Amino acid sequence: MFNLIIFGPPGSGKGTQSKKITEKYNIKHISTGDILRNEVKQQTELGMKAQKLMEKGELVPDELLIKILHSVMDKNKETAGFIFDGFPRTLVQAKELDKLMEQIDDSIDLVISLEVPDDEVVSRLLKRAEIEGRKDDNRITIGNRLNVYKEQTSPLLDYYAEANKLEKVDGVGTVDEIFNSICKVIDKYLMI
Ligand code: AP5
């Protein structure tokens, strides 16, 4: 299996690039943001718990995310690998992911971090707000999402750097330019 984490601040292009990576490398895309938005839309118990936190740009509790992860991985045992988008976001989640991987005799192979400055992500998300109207794409919530990323999620960069799994990629440019840079990193790892 080939297991990849796509990492980066809100609006850095994790979702956009994950879709392209999934198509090219035929691995299963797990976006915890998409899963949670779907739960909110269906107004499930989990969705109702997550909704207010997501609208404020706060993290949903680790135990709920871990339950989601167990369930998605369990349903996709035959996949050639996973791309994790938006997960892990805390050290607790990262350690749980390592544990789950160990249970299936596997591990995270690579962590690709998309490097995008704050002013660029803010402008991308405000533009998306006009087109899609995602509730957390407003100036105040975007600011909070960035703070949460810096305080609670970015420390994971050290965790994966220490494990020699981290690769930083410039996330500014056209979608295809960034995708080419990502493919170079993946292909080097896979030695294609
Ligand atoms: P999530 O959905 O993961 O949101 P996010 O991390 O804030 O990321 P986005 O989806 O906004 O951005 P992205 O990096 O995927 O970029 P995208 O490709 O969409 O999480 C939402 C919420 O759910 C969290 O705040 C939290 O509450 C909760 N949650 C989720 N996972 C959780 C977890 N593990 N633990 C706890 N809580 C969790 O691109 C953004 C925009 O930019 C798009 O409009 C796109 O078209 C555009 N764009 C992309 N690439 C480019 C480019 N190269 N140039 C110009 N524009 C571009």
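Residues numbered from 1 in each chain as written. Predicted model: local features only at pLDDT ≥ 70, side-chain atom pairs only at ≥ 80, totals over all residues. Heavy atoms only, no water.

Let us now look at the nonpolar core. One finds Ile5, Leu36, Met73, Phe84 and Leu97 to be the most contacted residues of the largest nonpolar core, which totals 29 residues. Where this core is concerned, the elements lending two or more residues are β1 (2-7), α2 (32-41), α3 (45-56), α4 (62-75), β3 (81-85), α5 (91-103) and α8 (156-162). Residues Ile112, Phe179, Val185 and Ile186 belong to the second largest nonpolar core, which totals 17 residues. (Core = buried A, V, L, I, M, F, W, Y, C linked by side-chain atoms within 4.5 Å. Buried < 20%, exposed > 50% of the residue type's maximum accessible area, 1.4 Å probe, protein only. Helix = DSSP H or I, 4+ residues; strand = E, 2+ residues; numbered from the N terminus.)

Our next topic: the packing of α2 against α3. Think of two packed helices as two axes; the pair is described by the angle between the axes and how far apart they sit. The geometry of α2 relative to α3 is characterised by a closest axis approach of 8 Å and an angle of 115° between their N-to-C directions. By the criterion of interaxial angle, the relationship of α2 to α3 is roughly perpendicular. Taken as a pair, α2 and α3 cross one another with a handedness that is left-handed. Across the interface between the two elements, Gly33, Leu36, Arg37, Glu39 and Val40 of α2 pack against Leu46, Gly47, Ala50, Gln51 and Met54 of α3. Tallied by class, residues from the contact of α2 with α3 come to five nonpolar, three polar and two charged. (Axes fitted to C-alpha atoms, helices over the stretch in contact; angles between N-to-C directions. Parallel < 35°, antiparallel > 145°, perpendicular 65-115°, else oblique. Left-handed = near helix turned anticlockwise from the far one by under 90°. Contact = heavy atoms within 4.5 Å. Nonpolar A, V, L, I, M, F, W, Y, C, P; charged D, E, K, R; others polar.)

The next point concerns the site of the ligand. Near the ligand, the surroundings consist of 31 residues, among which Thr16, Glu58, Arg89, Arg128 and Arg145 are the closest. Within the backbone of Gly11, one N or O atom sits 2.9 Å away from an oxygen atom of the ligand. For the ligand, the protein covers 86% of the area, taking 1,000 Å² as the surface of the free molecule. With respect to the pocket detection grid, the ligand is positioned in the largest pocket. Listing elements by their share of the shell around the ligand, those giving two or more residues are α1 (14-25), α2, α6 (118-132) and α9 (175-190). Of the residues forming the shell around the ligand, the biggest block, four residues, is contributed by α2. (Near = heavy atom within 4 Å. Polar contact = N/O pair within 3.5 Å; in protein donor to acceptor, adjacent residues only side chain to side chain. Areas by Shrake-Rupley, 256 points an atom, 1.4 Å probe, with all protein chains shown as cover. 1 Å grid on protein atoms, 1.4 Å probe; cavity = no way out; pocket = protein on both sides within 12 Å on 5 of 7 lines; lining within 4 Å. Sits in = over half its atoms within 2 Å of the grid points.)

In sheet architecture, strand pairing relies on hydrogen bonds along the backbone and comes in two forms, parallel and antiparallel. Strand order in the open sheet formed by five strands is β2-β3-β1-β4-β5, and the pairing between neighbours is parallel. The two strands at the open ends of the sheet, each matched to only one other strand, are β2 (28-31) and β5 (166-170). Geometrically, the sheet is characterised by an average inter-axis angle of 20° between neighbouring strands, direction not taken into account. With five bridges connecting them, strand β4 (residues 110-115) and β5 associate as parallel partners. Note on β5: the bridge partner recorded for Ser113 is Lys168. (Pairing = 2+ DSSP bridges.)

Applying the stated criterion across every chain yields a total of four aromatic pairs. Ring centres of Phe7 and Tyr149 lie 6.0 Å apart, and the angle between their planes is 55°; on these two criteria the pair is classed as tilted. Taken together, the residues Phe7 in strand β1 and Tyr149 in helix α7 (residues 139-153) connect sequence positions 142 residues apart. The buried category is assigned to Phe7, whose relative accessible area is 3%. Looking at Lys20, its charged tip hangs above the ring of Phe179, at a distance of 5.0 Å from the centre. (Phe/Tyr/Trp six-rings, centres within 6.5 Å; stacked < 30°, edge-to-face > 60°. Lys NZ or Arg CZ within 6 Å of the ring centre and 35° of its normal.)

Moving on, we come to the pattern of salt bridges. Opposite charge on two side chains permits pairing when their charged atoms draw close. The full count for this structure, using the stated rule, is 12 salt bridges. Put simply, Lys150 and Asp118 hold a salt bridge, and the shortest N to O gap is 2.5 Å. In this pair, Lys150 sits in helix α7 while Asp118 sits in helix α6, placing the two residues 32 residues apart along the sequence. Judged by its relative accessible area of 42%, Lys150 falls in the partly exposed class. Between Arg128 and Asp137 there is a salt bridge, and its shortest N-O distance comes to 2.7 Å. The class for Arg128 is partly exposed, based on a relative accessible area of 23%. Each member of the salt-bridge network shares a partner with another, and the members are Arg128, Arg134, Asp136, Asp137 and Arg145. (Salt bridge = Lys/Arg side-chain N within 4 Å of Asp/Glu carboxyl O.)

What follows concerns unusual backbone geometry. Here the bond from Phe87 into Pro88 is cis, since omega is 0°, no more than 30 degrees from zero. Within the secondary structure layout, Pro88 lies in the loop between β3 and α5. One non-glycine residue, Asn164, lies in the positive phi region at around 60°. Positionally, Asn164 belongs in the loop between α8 and β5. The class for Asn164 is exposed, based on a relative accessible area of 71%.

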